[in-house]
Amino acid sequence: MIEFRSVTKQFPDGTTAVDNVSLVFPSRKTTVLVGSSGSGKTTMLRMINRMVDPTSGSIEIDGERVSTLDPVKLRRSIGYVMQNSGLLPHRTVVDNIATVPVLRGIKKKEARQRSLRLMDTVGLERALAERYPGQLSGGQQQRVGVARGLAADPNILLMDEPFGAVDPIVRAELQTELVRLQRELDKTIVFVTHDIDEAFLIGDQIVIFRPGGIVAQIGSPADILANPVDAFVASFVGVDRGKRSLHLEGTPETPVVVDSEGRVAGVLAAGSNPLLIAEAVPQPGAGAPAQGAAT
Amino acid sequence: MNQLFATFAWLLDPAHYAGPDAIQVRVGEQVEYTLLTLLLASIIALPAGLAIGHTGRGRTLGVQIPAVLRALPTLGLVILLALMVGLGLLAPLIALVILAIPPILAGAYSGLESVDRETVDAARALGMTGWQVLWKVEIPLSLSLITGGLRSAALQAVATWTIAAILPLGGLGRYIFDALPVQDYPKMLAGSMLVIALALVTDALFALLQKVVTPPGVRAGRASLVRAKTTHSHARAALFRHASFIRNER
Amino acid sequence: MTWLWANLGLVWQLTLDHVALSVPPIILGFLLALPLGWLANRHQPSRGVLLSIGGVLYAIPSLPLFVMMPLILGTKILDPINVVVALSIYALALMVRVASDALAAVDTDVIASSTAIGYSDWSRFWRVELPLAGPVLLAGLRVVSVSTVSLVSVGAIVGVDSVGFLFLNGFQRAFPEEILIGIIASVLIAFVFDVVLVLAGRVLMPWAPVLRSREHPRGLMTEKTVIGQ
């Protein structure tokens, strides 16, 4: 469990990136920090592994204050995946994945063996092992990044807009695979994104930030969609534009799902009960059949 | 044309391959002076440049000192130091080391600064210590530019030792300065050609070295890395290559 | 100092000679580099050839080149043309690379949109590409200017008068003050040239934010605001 207690971060230029945030990241759950740029979400993430130190307040991991821990050791024990992968361009794929285990003193040969297995886990062909990052596609680079983040088998995985730089099709693929991976691995994941759809797909707990590093709302995806605390959140998640308020039209035999602006969003899955679904529509959780078509 | 024939005749004359003024002796001296200059300047400039590039501190100084040094006329500096320190190797050596520092310094810090900030950030986030980031990430990725700085310094040293032969020194400049008062044009030309040949060989060797020290992944990934760079950073890189470690004097 | 007052006329004359020898190479190098840089940027094969030739020329030491010039040009050894041509070669060798990189760095989107709104190749070069390449060209020109000014004095060895004369004369007379005055004069000329170039840049490119020649590339965000327009 990671806990933030009244954490504030002010940068030397006077901007407040994070403003008095208290927050709990439950163990083995995925918490998504979401907000527009400049909302302090990346700073939040970087305070966990002490890439940034807070101006005031405290951060604890399993009851231990991170400020008392050696930053280098702390970082080696936490997985980190970033946008544009941040791979070392002069090292091959296996060596990139093996970086942290080797830093921690594991024998190179053993670390490489483990890297190869991790390549299987994240869905990379072993044939790519001796390639350099520059020779991979964006999606492949991100997979290497995820494998590297997992290499030391950390309990915590920090992900900073990891899929922000890949095209939408590959992004969707990587997102579903992360959900699958998390089901197997059960890590405590902190995931930063500005994409609310991505947040709803991946997160168990969603934290929405306002500009200036202020928490607007914390809750499960369903909570937030059903009860946005204010106009800002409603607008951010898109309820106000009717993007997510769907209704049924057409004949009872062949109902069509339509959004509030009259755009046809999809059809009901075979066997769904139109009456039940119609009630469920205003708050489509991740599993609601109509939602997939709408996003 | 006659001059050219006379020059080649001079170069081929067996008499010029014997004694203390033999061509191989003069080449040897020039190479020796140059290497000594590079060594001493590197001892000072490499750690300083790496420190500036790694920490980002002291950069203003690291930029301004070379800019001022670039404006100094070498001939004047060499002669002034000779009058102050006395004849012998020491005075020109001091002058040459001072002049060789800027390109090496600039090569080192601009090399480190050319490394993608995201890569360095990622290395830190993985848990590398400052030293590990420097040795395992920053230096390998900037070795080509660091060598480029040494290349500029080496060429400058070859050129300036030639000028420094206005003092009673060895090296290939000796031929030019010995021939000047007596207007022995073939000898002057022969000396000049030898210096030019030495400079071009030096340049070629360092160019080769720059290729060798570029990590294979960087070469392989160049196309995609370049694509990722934004326009302004491209312009910035262009500026860097020219402005930072161009030698001022030949 | 007494020496300076007694010889003010000589120092002033040598300074004028120095300026007269420095200006033509800087201007020639710049003007000739534009078409060559354009060519290098347009035709990839020519780029490799031009830049390699430039690199080789730039590697040639100055004194030997001065000595070789009469052989190449058919001039007399004391002719100032030798120094001017040799320094122009250096200026050109450096500026071709600068020009080619500066033009290559112009945002391709801007070029494409200029073409789309109807600029011809010719007018687009003069009105869009060249101005946008301006700040980088200026930075290159400043380097050329400083190094040309400091190189001119080497010409004194082959008898072409400039403040370099003070170095040789001071050496013969073992008189450090004269040499120091020569060094100061040379540095001052370089400084004045630099100021003139910077001011010219401000007048010609009022839209360009002041581009300090070696800005801190770490501050990526500020970078974008500095050149990213």
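All residue numbers here refer to positions counted from 1 along the written sequence of the relevant chain. Both sets of labels track the order of writing: A upward for chains, 1 upward for ligands. With pLDDT at 70 or above as the cut-off, local features in this predicted model cover only qualifying residues; side-chain atom pairs require 80 or more to be listed or tallied, and sums for whole chains, interfaces and linings still use all residues. Side-chain measures were taken over the full set of non-hydrogen atoms in the model, leaving aside hydrogen atoms and water.

## Description of the overall build of chain A
Using the following cut-off: Counting from the N terminus, the helices are DSSP H or I runs at least four residues long and the strands are E runs at least two residues long. Relative accessibility decides the category of a residue: with a 1.4 Å probe and only protein chains considered, values under 20% of the type maximum give buried, values over 50% give exposed, and everything between is partly exposed. Between two residues, a contact is recorded if the distance between any of their heavy atoms is within 4.5 Å.
Of regular secondary structure, chain A possesses twelve helices and 13 strands. The proportion of buried residues among the 295 residues of chain A is 51%. In chain A, 60% of the contacts between residues at least 6 apart in sequence involve partners at least 24 apart.

## Section: a nonpolar patch on the surface
Our working definition: Each patch groups residues whose relative accessible area exceeds 30% and which form no salt bridge, using 9 Å between like charges and 5 Å between nonpolar side chains of Val, Leu, Ile, Met, Phe, Trp and Tyr. Here the accessible surface of atoms and residues is derived via Shrake-Rupley with a 1.4 Å probe, and residues count as covered only by protein chains that are part of the display. The term salt bridge refers to a pairing of a side-chain nitrogen on Lys or Arg with a carboxyl oxygen on Asp or Glu at a separation within 4 Å.
Taken together, the side chains of B:Leu36, B:Leu39, B:Leu40, B:Ile43, B:Ile44 and B:Leu89 make up a nonpolar region of the molecular surface, amounting to roughly 500 Å² of accessible area. Within the element layout of this structure, B:Leu39 appears in helix H2 (residues 23-55).

## Quick notes on the interface of chain B and chain A
We count it as follows: Summed over both partners, the accessible area (1.4 Å probe) lost when two parts come together is defined as the buried area. Here a polar contact is taken to be a pair of N or O atoms separated by no more than 3.5 Å, where protein atoms must pair a possible hydrogen donor with a possible acceptor and residues adjacent in sequence count only if both atoms sit in side chains. Each residue gets one of three labels, nonpolar for Ala, Val, Leu, Ile, Met, Phe, Trp, Tyr, Cys and Pro, charged for Asp, Glu, Lys and Arg, and polar for the others, Gly among them.
Across the boundary between the two partners, chain B contributes 24 residues, which contact 23 residues of chain A. Both faces considered, chain B and chain A share a buried interface measuring about 2,000 Å² in area, 62% of it formed by carbon and sulfur atoms. When the buried surface of chain B facing chain A is broken down by residue, B:Glu118, B:Ala125 and B:Leu126 rank first, second and third, together holding 29% of it. At the boundary of chain B and chain A, one finds one salt bridge. Linking chain B to chain A there are four residue pairs in polar contact (both at pLDDT 80 or more). Every element with two or more residues in the side of chain B that touches chain A is listed here: helix H6 (117-126), helix H7 (130-164), helix H10 (216-220) and helix H11 (222-228) of chain B. In terms of residue count, H6(B) provides more of the side of chain B that touches chain A than any other element does, eight residues in total. Residue composition of the side of chain B that touches chain A, grouped by class: 13 nonpolar, seven polar and four charged.

## Things to note about the sheet that holds strand E12 (residues 255-259) of chain A
Residues and elements named next belong to chain A. Going by this rule: Whether two strands pair depends on DSSP finding at least two bridges between them. The axes are straight lines fitted to the C-alpha atoms, using for helices just the contacting stretch, and the angles between their N-to-C directions are given from 0 to 180°.
Taken together, three strands build an open sheet; the order of strands is E11-E12-E13 and the sheet is antiparallel. With one partner strand each, in any of the chains shown, strand E11 (246-250) and strand E13 (264-267) form the two edges of the open sheet. Averaged over neighbouring strand pairs, the angle between their axes works out to 35° when direction is ignored. Across five bridges, E11 lies against E12 in antiparallel orientation. Looking at E12, one finds that Leu248 is bridged to Val257.

## Remarks on the packing of aromatic side chains
Remark: the centre distance and the inter-plane angle together describe each pair of aromatic rings, the angle taken between the planes. Rules: For Phe, Tyr and Trp, where Trp contributes only its six-membered ring, two rings pair if their centres lie within 6.5 Å, and the inter-plane angle classes them as stacked under 30 degrees, edge-to-face over 60, or tilted in between.
Scanning the entire structure with this criterion turns up nine aromatic pairs over all chains. An aromatic cluster of at least three residues, connected via ring pairs, comprises C:Trp122, C:Phe125 and C:Trp126.

## A short note on the pattern of salt bridges
All names here are of chain A. For the coordinates displayed, the defined rule picks out 25 salt bridges over all chains. A salt bridge links Glu173 to Arg143; the nearest nitrogen and oxygen atoms lie 3.0 Å apart. Highlighted residues: Glu173 in helix H7 (residues 168-185) and Arg143 in helix H6 (residues 138-150), separated in sequence by 30 residues. Given a relative accessible area of 40%, Glu173 falls into the partly exposed group.

## Description of the confidence of the model for chain A
Using the following cut-off: Residue-level confidence of the predictor, termed pLDDT, takes values from 0 up to 100.
Summarising the model, chain A shows a mean pLDDT of 84, and 87% of its residues fall at 70 or more. A low-confidence stretch, residues 280-295 of chain A stays under pLDDT 50, and its non-local contacts, those more than four residues away or across chains, total 21 contacts.

## Side note on helix H5 (residues 108-121) of chain A
Side chains of residues three or four places apart in an α-helix project in the same direction, reflecting 3.6 residues per turn. Residue and element names in this part refer to chain A. Our working definition: By definition here, a helix of n residues has an expected span of 1.5 Å times n minus one. Relevant arc is that of directions from the helix axis to the C-beta atoms, nothing else.
Compared with an ideal rise of 1.5 Å per residue, which puts 14 residues at 20 Å, H5 spans 20 Å between its outermost C-alpha atoms and is within 8% of the ideal. Within H5, the full set of buried residues consists of Ala111, Ser115, Leu116, Leu118 and Met119. Looking straight down H5, one finds its buried side chains confined to an arc of 160°; they lie on one side. The inward-facing, buried residues of H5 contact helix H3 (93-97), helix H4 (99-103) and H6. Positive backbone phi, approximately 75°, marks Gly123, located one or two places after H5.

## Focus: the packing of helix H2 (residues 8-42) of chain C against helix H9 (residues 176-204) of chain C
Residue and element names in this part refer to chain C. Threshold: In this scheme, roughly parallel covers angles under 35 degrees and roughly antiparallel covers those over 145, while 65 to 115 is roughly perpendicular and the rest are oblique. Helix crossings are classified by the rotation of the near helix relative to the far one: an anticlockwise turn of less than a right angle makes the crossing left-handed, while a clockwise turn makes it right-handed.
Two elements in contact, H2 and H9, have axes whose closest approach is 11 Å; the angle formed by their N-to-C orientations is 40°. On the basis of their axis angle, the class for H2 and H9 is oblique. Crossing angle aside, the handedness with which H2 passes H9 is right-handed. Together, Val11, Thr15, His18, Val19, Ser22, Val23 and Ile26 of H2 and Ile181, Ala185, Ser186, Ile189 and Phe193 of H9 make up the contact between the two elements. Partitioning the contact of H2 with H9 into residue classes produces eight nonpolar, four polar and no charged.

## Focus on H2(C)
Selection criterion: Bend is the name given here to the angle between axes fitted to two runs of seven residues, the run ending at a residue and the run starting at it.
With 35 residues, H2(C) extends 51 Å between its outermost C-alpha atoms, agreeing within 8% with the 51 Å of an ideal straight helix rising 1.5 Å per residue. The sharpest bend along H2(C) measures roughly 35° and falls at C:Ala33, with the proline C:Pro35 sitting one to four residues further on.

## Things to note about the environment of B:Leu180
Turning to its location among the elements, B:Leu180 is positioned in the loop between helix H8 (173-179) and helix H9 (185-213). When residues no more than four places from it in sequence are discounted, the contact partners of B:Leu180 are B:Met188 and C:Ile157.

## Digging into unusual backbone geometry
Residues and elements named next belong to chain A. Positive phi, normally seen in glycine, also occurs at Asn20, with a value near 50°. A positive phi is found at Asp153, a non-glycine position, where the angle reads about 50°. Tracing the backbone through its elements, the reader meets Asp153 in the loop between H6 and strand E7 (156-160).

## Here we look at the pairing of strand E2 (residues 16-25) of chain A
Residues and elements named next belong to chain A. Sheet analysis places strand E1 (residues 2-10) next to E2, joined by six bridges and oriented antiparallel. Its bridge partner lying in E2, Ile2 is registered against Phe25. Counted along the chain from E1 to the antiparallel partner E2, the turn is five residues long, and its residue Gly14 has a positive phi close to 100°.

## Here we look at the packing of helix H4 (residues 74-85) of chain B against H7(B)
Residues and elements named next belong to chain B. Where H4 meets H7, the axes come as close as 10 Å, and the angle between the chain directions of the two elements is 55°. When the axes of H4 and H7 are compared, the pair comes out oblique. In terms of crossing hand, the pair formed by H4 and H7 is right-handed. Two secondary-structure elements touch here, H4 through Thr74, Leu75 and Val78 and H7 through Thr160, Ile163 and Ala164. Of the residues in the contact of H4 with H7, the class split is four nonpolar, two polar and no charged.

## With respect to the environment of C:Pro64
Secondary-structure assignment places C:Pro64 in helix H4 (residues 62-73). Taking relative accessible area as the criterion, C:Pro64 reaches 0% and is therefore assigned buried. Not counting the four nearest positions on each side in its chain, C:Pro64 is found in contact with B:Thr162, B:Ser192, B:Val195 and B:Ile196.

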